[in-house]
Amino acid sequence: MPTPNPDPERTPDEEARLFYERLEQTGQLADVKEGEDTSALPARVTHVRYPDGTVKRIRFTGPGFR
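Here's a quick rundown of the structure. Just so it is clear, the model here is predicted, and its values are computed rather than measured.

What counts and how
Residues numbered from 1 in each chain as written. Predicted model: local features only at pLDDT ≥ 70, side-chain atom pairs only at ≥ 80, totals over all residues. Heavy atoms only, no water. Helix = DSSP H or I, 4+ residues; strand = E, 2+ residues; numbered from the N terminus. Buried < 20%, exposed > 50% of the residue type's maximum accessible area, 1.4 Å probe, protein only. Contact = heavy atoms within 4.5 Å. Pairing = 2+ DSSP bridges. Axes fitted to C-alpha atoms, helices over the stretch in contact; angles between N-to-C directions.

Examining the overall build of the protein
Alright, step 1. Summing up its helical and strand segments, the protein has 1 helix and 3 strands in all.
Alright, step 2. In sequence order, the secondary structure elements of the protein are arranged as α-β-β-β.
Alright, step 3. Relative to its 66 residues, the protein shows a buried fraction of 23%.
Alright, step 4. Pairs at least 24 residues apart make up 11% of the contacts formed inside the protein by residues separated by at least 6 positions.

Below you can see the structure in the form of structure tokens.
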């Protein structure tokens, strides 16, 4: 069963946009080129955005977590 959306005013697209904005504000989202070595990015970067707009999670840790 799908989980009901807790705020019926928000669409899934808006939720995603807000999530990505928060990642950008905290330095957890970095723009990269296709094929770029993401292992050289700072540890706080948990997600990357490719030129086509695709966002992928690359790590499961952020600032202060191990």
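Focus on the sheet that holds strand 2 (residues 47-49)
Alright, step 1. Ordered by their spatial adjacency, 3 strands build an open sheet running 1-2-3, and the pairing between neighbours is mixed. Each edge of the open sheet carries a strand with a single partner, namely strand 1 (29-31) and strand 3 (55-57). Looking at each pair of strands side by side, their axes are set apart by 25° on average, direction ignored.
Alright, step 2. As judged from the 3 bridges shared by strand 2 and strand 3, these two strands associate in the antiparallel manner. Pairing of histidine 47 across the sheet is with arginine 57, part of strand 3.

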